[in-house]
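Coordinates in review
This is what each chain is made of:
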Amino acid sequence: MSEKKLTSSRRHHLKSLILSIAQNWLQQEEKDNKAAKEAYMAEHCPAPDMSGDQAALMETCKKLHALIDTVDEERYDIHAKVQKADKEIEDLKIKVVDLRGVKKPALKKVRMSADSMLKALLGSKHTVNMDLRANLKQVKKETKEEPVEAAGDWRKNIEDKADRKKMFESA
């Protein structure tokens, strides 16, 4: 299926369609809640009986107090469950923050030499020279004592020239 960009009229039409469906759902839910409430009231709260004497009235009061006690117990239990759920939600929110982490601002990339970085960290009083080549000592190559051959030993001449070339490059 090819993906096409929604035009504004199409988007408006879809939005109004979704809103009308949601409105119908809300109305249906309201009707269902009203019917459930009426059924609950019919089941748990019978119509009052006004005829009778004092003994019948006392009996009705006892029944009402018993119902009030059961409702209070249910309310207390539900309140405890809600508090427990709220605490779990708070713990989960904290875990989400821990896992996601706090967004840190992006730092600018700065190119610095090692000397300027040390000056920035230690201050301008403490300057450190990073010239490591000055501390190196020149090492002379050990030559094997070979019996003196002909004066035209080309390997030895090349090694001597290479040593001299290195001395001039490092200085």
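Calculation notes
Residues numbered from 1 in each chain as written. Predicted model: local features only at pLDDT ≥ 70, side-chain atom pairs only at ≥ 80, totals over all residues. Heavy atoms only, no water. Helix = DSSP H or I, 4+ residues; strand = E, 2+ residues; numbered from the N terminus. Buried < 20%, exposed > 50% of the residue type's maximum accessible area, 1.4 Å probe, protein only. Areas by Shrake-Rupley, 256 points an atom, 1.4 Å probe, with all protein chains shown as cover. pLDDT = per-residue confidence, 0-100. Patch = residues over 30% accessible without salt bridge, like charges linked within 9 Å, V, L, I, M, F, W, Y side chains within 5 Å. Salt bridge = Lys/Arg side-chain N within 4 Å of Asp/Glu carboxyl O. Lys, Arg positive; Asp, Glu negative; His and termini not counted. Charge placed at Lys NZ, Arg CZ, Asp CG, Glu CD. 1 Å grid on protein atoms, 1.4 Å probe; cavity = no way out; pocket = protein on both sides within 12 Å on 5 of 7 lines; lining within 4 Å. Points joined across faces, edges and corners; volume = space filled by probe spheres on them. Nonpolar A, V, L, I, M, F, W, Y, C, P; charged D, E, K, R; others polar. Expected span 1.5 Å × (residues − 1).

**As for the overall build of the chain**
Along its length, the chain carries four helices and zero strands. The order of helices and strands in the chain, counted from the N terminus, is α-α-α-α. Scored against the burial criterion, the 171 residues of the chain give a buried share of 0%. When the accessible surface of the chain is summed, it comes to about 18300 Å², and 59% of that surface belongs to carbon and sulfur atoms.

**Some details on the environment of Leu-67**
Along the polypeptide, Leu-67 turns up in helix H2 (residues 54-100). C-alpha of Leu-67 to C-alpha of His-44: the two residues are 23 residues apart in sequence and 8.8 Å apart in space.

**As for the confidence of the model for the chain**
Taken over all residues, the pLDDT of the chain has a mean of 80, while the share at 70 or more is 78%. The least confident element of the chain, judged by mean pLDDT, is helix H4 (residues 154-170) at 70; the most confident is helix H1 (residues 8-44) at 93.

**Some points on a negative patch on the surface**
Together, Asp-69, Glu-73, Glu-74 and Asp-77 make up a negatively charged patch on the protein surface. Topologically, Glu-73 is positioned in helix H2. Looking at Glu-73, the relative accessible area reads 52%, which means it is exposed.

**Observations regarding a nonpolar patch on the surface**
On the surface, Val-110, Met-112, Met-117, Leu-121 and Leu-122 cluster together into a nonpolar patch covering about 510 Å² of accessible area. Within the secondary structure, Met-117 sits in helix H3 (residues 114-122).

**Observations regarding the environment of Lys-141**
As for its placement among the helices and strands, Lys-141 is situated in the loop between H3 and H4. Sequence separation of Lys-141 and Glu-159 is 18 residues, and the distance between their C-alpha atoms is 9.7 Å.

**Considering the layout of surface pockets**
Here the second largest pocket defines a volume of roughly 410 Å³. With eight residues, H2 is the single largest residue contributor to the lining of the second largest pocket. Counted by class, the lining of the second largest pocket contains nine nonpolar, three polar and three charged residues.

**Regarding H2**
Taking 1.5 Å of rise per residue, the 47 residues of H2 would be expected to cover 69 Å, and the 68 Å separating its terminal C-alpha atoms lies within 8% of that figure. Positive phi shows up at Gly-101, right after H2, with a value of about 85°.

**Brief notes about the pattern of salt bridges**
Taken as a whole and judged by the stated rule, the model has one salt bridge. Residue Asp-72 is joined to Arg-75 by a salt bridge in which the shortest nitrogen-to-oxygen separation is 3.6 Å. Linking Asp-72 with Arg-75, this pair stays in helix H2, spanning three residues, or about one helical turn. Owing to a relative accessible area of 35%, Asp-72 belongs among the partly exposed residues under this scheme.

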